[in-house]
Structures are given as structure tokens and as C-alpha cells.
Amino acid sequence: MSRRWSRTSPAIAATAAALALLTGCGGGSGDDPSGPAADGKPVTITFWGWAKGSKEVVDAFNASHKDIQVTFEEIPSGNAGGYAKISNAVKAGNAPDLVSIEYPSLPEFVSQGALQDIGAHLPDDVRSELLPQALELTTLGGKNWAVPFDAAPQAFYYRKDLFAKYGVGVPKTWAEFKAAAEKVKKADAKARIATFFPDDPTSFEAMAWQAGAQWFKAEDDTWKVDTTDAATTKVTAYWQGLLDADLVRNNASFSPEWTGSLKNGTTIGYLGASWGAGVLKGTLPEQSGKWAVAPMPSWDGKPASGMVGGSTFAVTKDSKKAEAAVEFATWMATTEEGIKARIASGTSSAFPAATALRPVAKKAFDAGFFGGQDIYRLFEQAGASINPNWAWGPTTGTTNLAIKDQLGKVANGGTTLADAVKTGHDATVAELKKRGLKVEG
């Protein structure tokens with residue numbers, strides 16, 4: 001890992017300090033008076049998630065543990081309804097014990113008091129196994145709110161056979177990416193190099209993150225919000241240009257339209273994250289051997305990355321089985337058995353936050369779909385290049401919902417990317433003020 005990843009970034013540290021103001025309403029340390037198997041019967045916990053391989057992990061855990069048994073329910077991905085389902089369950093008092101939450105949304109759930117501090121159940125030897133930056137993203141207000149599972153650096157997936165057919169080189173810069181997009185469209189009027197996802201603000205935010213943007217800064221007790229900095233302005237102008245010139249598709253992520261264009265070869269690339277390798281492998285098994293992975297294009301050709309998602313496991317505020325829930329979560333995130341169970345399913349290419357387990361993940365993932373390419377080495381390099389200065393604010397749900405509502409209007413000229421991001425900015429500032437917080441922006 002690069003040296004700049006060896007310490008907590010100032011942005012994350014400041015954000016953690018500011019969130020201390022918000023976490024007073026969070027749950028306690030998770031009273032768990034019985035503990036696993038205190039009455040001779042296994043403790044049964046409930047777990048909600050959507051990540052590929054989750055069911056296989058639960059099955060493996062249940063088969064190898066007598067004291068704790070897990071009941072799993074697959075829910076829609078977070079931004080596709082999963083987070084709303086979790087929030088509603090918490091409000092209704094019938095939430096599961098353990099939930100999957102991505103890093104961007106964790107501060108939102110913490111600030112709403114939906115989770116409980118699990119620090120008492122997370123020993124130092126477990127903490128030491130995890131990527132420090134992932135641990136910091138789950139440590140807010142001096143409390144531990146989740147067990148980090150994976151990191152999610154950006155990557156570019158492409159059809160190497162069609163790139164060769166059209167004479168297109170793999171782009172290293174965003175300027176080269178635009179030129180490659182023009183070449184693809186010229187070679188086949190129906191083909192496009194990649195897709196812009198109007199339903200997924202986090203993909204766009206990762207682009208801004210990669211470029212050096214800092215939307216949220218916390219100084220003392222004040223939140224500074226700025227989605228119009230130079231880096232973001234550059235990114236919005238660039239993608240607006242690609243959309244205006246019809247050089248990329250504009251389809252919802254993982255929609256039938258997106259999947260269909262991959263299957264028929266009219267979309268020949270995917271700007272995704274490390275977990276995207278498993279998505280493609282599971283979605284397009286008939287295209288095994290035709291895909292490859294490259295570093296994300298950057299503005300200057302040097303390695304640079306943001307993160308698209310990345311998941312954690314958090315205990316809901318009313319759970320009385322926090323100890324058992326955290327034991328299961330740490331088994332999933334920090335043991336060879338847990339990592340193997342998830343990745344051996346063939347549908348997950350998770351990049352573990354437990355750095356020592358990355359060789360286990362690499363060995364468990366059948367890279368035949370990518371022609372045997374060492375994709376985990378590429379993920380390792382991408383992870384080392386993640387810009388450390390990005391931090392998530394406490395109102396990510398509000399921010400992203402406002403942006404998402406506008407992104408769908410960009411394709412038909414109803415608005416612009418710059419205006420969509422500005423709408424997110426205004427909604428964020430209004431929500432922070434509504435919560436009684438000091439805001440600049």
C-alpha cells in the first residue's frame with residue numbers, strides 16, 4: 001500500500017470529530033446479557049444484505065457453528081430500496097440484528113440513531129487486521145459503528161476482443177477515453193464504450209473523488225459543503241460532453257437495458273469497481289475469456305481512484321444480540337473461511353478490507369472469465385491510489401436522492417450535470433440546517 005494510506009487522512013479525522021455531535025442519539029453498546037448459547041441453545045440472529053455470495057457465506061457459517069445460527073434475507077441493494085427498507089424496519093422496531101451498509105451511507109444511519117456502537121465487541125486483534133482507512137470510515141465520533149468488509153477501488157472492464165476488432169487502445173487518461181469512445185461509435189454506430197448510470201450518484205461521486213474533489217469538510221463544529229470546486233466542475237463538464245455527443249449510454253445500473261447491451265456486444269466497457277468483476281462474471285457467463293480489467297483512466301495518466309460503494313456490517317439499535325451479530329460479521333470479514341465462502345460462489349470478487357486475506361480472495365476467485373488475468377494485483381494497485389482526502393457527510397441519503405432525481409433528466413436536456421450536482425448541494429445544506437448544524441456552503 002502507498003505511504004499516504006498508512007495514516008488517517010485529515011478529512012476523515014475531522015469528519016469523525018464533527019460526527020461526535022451527531023452520535024449522541026445512537027444506540028448503546030448493545031446489551032447482550034445472554035451471549036451465544038448461554039442457555040444451551042444456539043443464538044439465532046437475522047441478517048439483511050444484498051451482496052453476491054451472501055447466502056453462501058451464511059450457509060457456511062451455519063454449517064460450522066453450533067452456538068450461533070443466522071437467518072438471512074436478501075434485500076434490494078441499498079440505493080435501490082434496501083436502505084429505505086432498513087430505515088423503515090428500524091422505525092417500526094422490527095429491524096434485523098445485522099445489516100449491510102455501504103461506507104457512504106453509514107454516517108447517515110449513525111446520525112439518525114439507527115445503529116449501535118459495537119466497540120465493546122470488536123477486540124484490538126480484529127481491528128489490527130483491517131485496512132486502517134476502512135476502520136476509520138466506520139469509526140465516527142470516537143465510536144465503532146460497523147465491521148468493514150471490503151474496499152471498492154475503481155476499475156475499467158472492457159471487451160478485449162471488440163477493442164481489438166475496432167482498433168481501440170485501452171485508455172489511460174480521460175482524454176484518451178473520449179477519443180476511444182469516438183472511435184468505437186465510428187466503427188459501429190450501435191456500439192458505445194461504456195455507460196453513465198443516472199440512477200447511481202455514487203458512481204459519479206467516485207469520479208469526482210478520483211479527480212480530487214472534497215464535497216464535505218468538517219472543521220470544529222461546522223460542516224463545509226462544496227460541490228462546485230474545480231475538480232467537480234471538471235468532471236461534470238467532461239461527462240456532460242460525453243452525454244451530449246452520445247458517446248456513452250445512459251442506462252440505469254444493472255437494468256435489463258444495460259445487461260442486454262452487454263450481452264449483444266453494443267456496450268463494450270464498464271466503469272465500475274473491484275466488485276464489478278463478480279457482477280460481469282455472474283451476468284455474462286457466455287462471454288468468459290472475452291473481458292479484461294484495466295486501471296481507471298485518470299486525468300494525468302497517473303494511478304488515481306475513488307471508491308464505488310464498499311460494504312460494512314452494522315448492528316441495528318434495538319438488537320439484543322450484538323455480541324453474536326459482531327461475531328458473525330467478523331467471521332465474514334476476517335477469516336479465510338468467510339472470504340472463501342463468499343468468493344468461491346463465483347459471483348463475488350470482493351476486495352477484502354482485511355489486507356492479509358487478499359491472497360485468499362485471489363486464490364478463491366476463478367479468473368478464467370478474465371483470461372486468467374491477475375485482477376487482484378490490479379485491485380491492490382488501485383486501492384493504493386485511492387484519494388485519501390474524501391469524506392462522506394452525515395446526509396448522504398438526502399444528497400444522493402436530490403442528485404438522482406435530477407440525473408434522469410440530463411439525457412433529454414431537462415437539466416445539466418452541473419445543475420444536478422448543485423441541486424444536491426442545496427438539499428444537503430438545507431438538511432444540515434434543518435438538523436440544527438452549522439453549515440458553510
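Parameters at a glance
Residues numbered from 1 in each chain as written. Predicted model: local features only at pLDDT ≥ 70, side-chain atom pairs only at ≥ 80, totals over all residues. Heavy atoms only, no water. Pairing = 2+ DSSP bridges. Helix = DSSP H or I, 4+ residues; strand = E, 2+ residues; numbered from the N terminus. Axes fitted to C-alpha atoms, helices over the stretch in contact; angles between N-to-C directions. Left-handed = near helix turned anticlockwise from the far one by under 90°. Contact = heavy atoms within 4.5 Å. Nonpolar A, V, L, I, M, F, W, Y, C, P; charged D, E, K, R; others polar. Core = buried A, V, L, I, M, F, W, Y, C linked by side-chain atoms within 4.5 Å. Buried < 20%, exposed > 50% of the residue type's maximum accessible area, 1.4 Å probe, protein only. Polar contact = N/O pair within 3.5 Å; in protein donor to acceptor, adjacent residues only side chain to side chain. pLDDT = per-residue confidence, 0-100. 1 Å grid on protein atoms, 1.4 Å probe; cavity = no way out; pocket = protein on both sides within 12 Å on 5 of 7 lines; lining within 4 Å. Points joined across faces, edges and corners; volume = space filled by probe spheres on them.

Caption draft 1: A look at the sheet that holds strand S11 (residues 222-225). If you trace the three strands from one edge of the open sheet to the other, you get S10-S11-S17, paired in mixed fashion. Two strands close off the open sheet at either side, each with one partner strand: strand S10 (216-219) and strand S17 (438-440). Put simply, the sheet's adjacent strands are angled 25° from each other on average, direction ignored. By the bridge criterion, three bridges tie S11 to S17 in an arrangement that is parallel. Of the residues in S17, the one forming a bridge with Thr222 is Lys438.

Caption draft 2: Up close: the packing of helix H2 (residues 54-64) against helix H13 (residues 322-334). In the contact formed by H2 and H13, the axes pass within 11 Å of each other and the chain directions differ by 115°. The hand of the H2/H13 crossing is right-handed. Judged by residue contacts, Val57, Val58, Ala60, Phe61 and Ser64 of H2 engage Phe328, Trp331 and Met332 from H13. For the contact of H2 with H13, the class distribution of residues is seven nonpolar, one polar and no charged.

Caption draft 3: Here's a closer look at the nonpolar core. In terms of nonpolar packing, the biggest core is built from 115 residues, with Tyr157, Phe177, Ile193, Trp239 and Phe379 touching the most fellow members. Considering every element that reaches this core, the biggest residue donor is H13, with nine residues. Excluding residues that lie within four positions of it along the chain, Ile193 makes contacts with Phe156, Phe163, Phe177, Ala180, Ala181, Val184, Leu247, Val248, Ile268, Gly269 and Tyr270. Core analysis: the next-biggest nonpolar cluster, separate from the first, contains 18 residues, Trp48, Ile75, Ala89 and Ala314 among them.

Caption draft 4: Main features of the environment of Gln214. Examined against the element boundaries, Gln214 turns out to sit in the loop between helix H9 (201-211) and S10. Using a relative accessible area of 23% as the deciding quantity, one classes Gln214 as partly exposed. Put simply, Gln214 and Val421 are 207 residues apart on the chain and 13 Å apart in space, counted from C-alpha to C-alpha. Of the polar contacts made by the side chain of Gln214, one reaches the backbone oxygen of Asn389; its length is 3.1 Å.

Caption draft 5: Fine view of the confidence of the model for the chain. Of all residues in the chain, 91% attain a pLDDT of 70 or more, and the chain-wide mean is 90. This model gives residues 28-34 a pLDDT under 50, and the stretch forms 20 contacts once residues within four places in sequence are excluded.

Caption draft 6: The layout of surface pockets, seen in detail. The volume enclosed by the largest pocket comes to roughly 810 Å³. Considering the residues around the largest pocket, the lining is formed by 34 residues, among which Trp50, Ser77, Phe254, Trp275 and Val279 are closest to the centre. Of all the elements in the fold, those that place two or more residues in the lining of the largest pocket are strand S3 (98-102), helix H11 (256-263) and helix H12 (276-283). With three residues, H12 is the single largest residue contributor to the lining of the largest pocket. Along the lines of polarity and charge, the residues of the lining of the largest pocket split into 11 nonpolar, 15 polar and eight charged. As a volume, the second largest pocket reaches approximately 500 Å³. Every residue lining the second largest pocket is counted, 19 residues in all, and those nearest its centre are Asn79, Tyr83, Ala84, Gly397 and Leu401. Elements with a contribution of two residues or more to the lining of the second largest pocket: helix H3 (82-92), helix H4 (106-111) and helix H17 (396-407).

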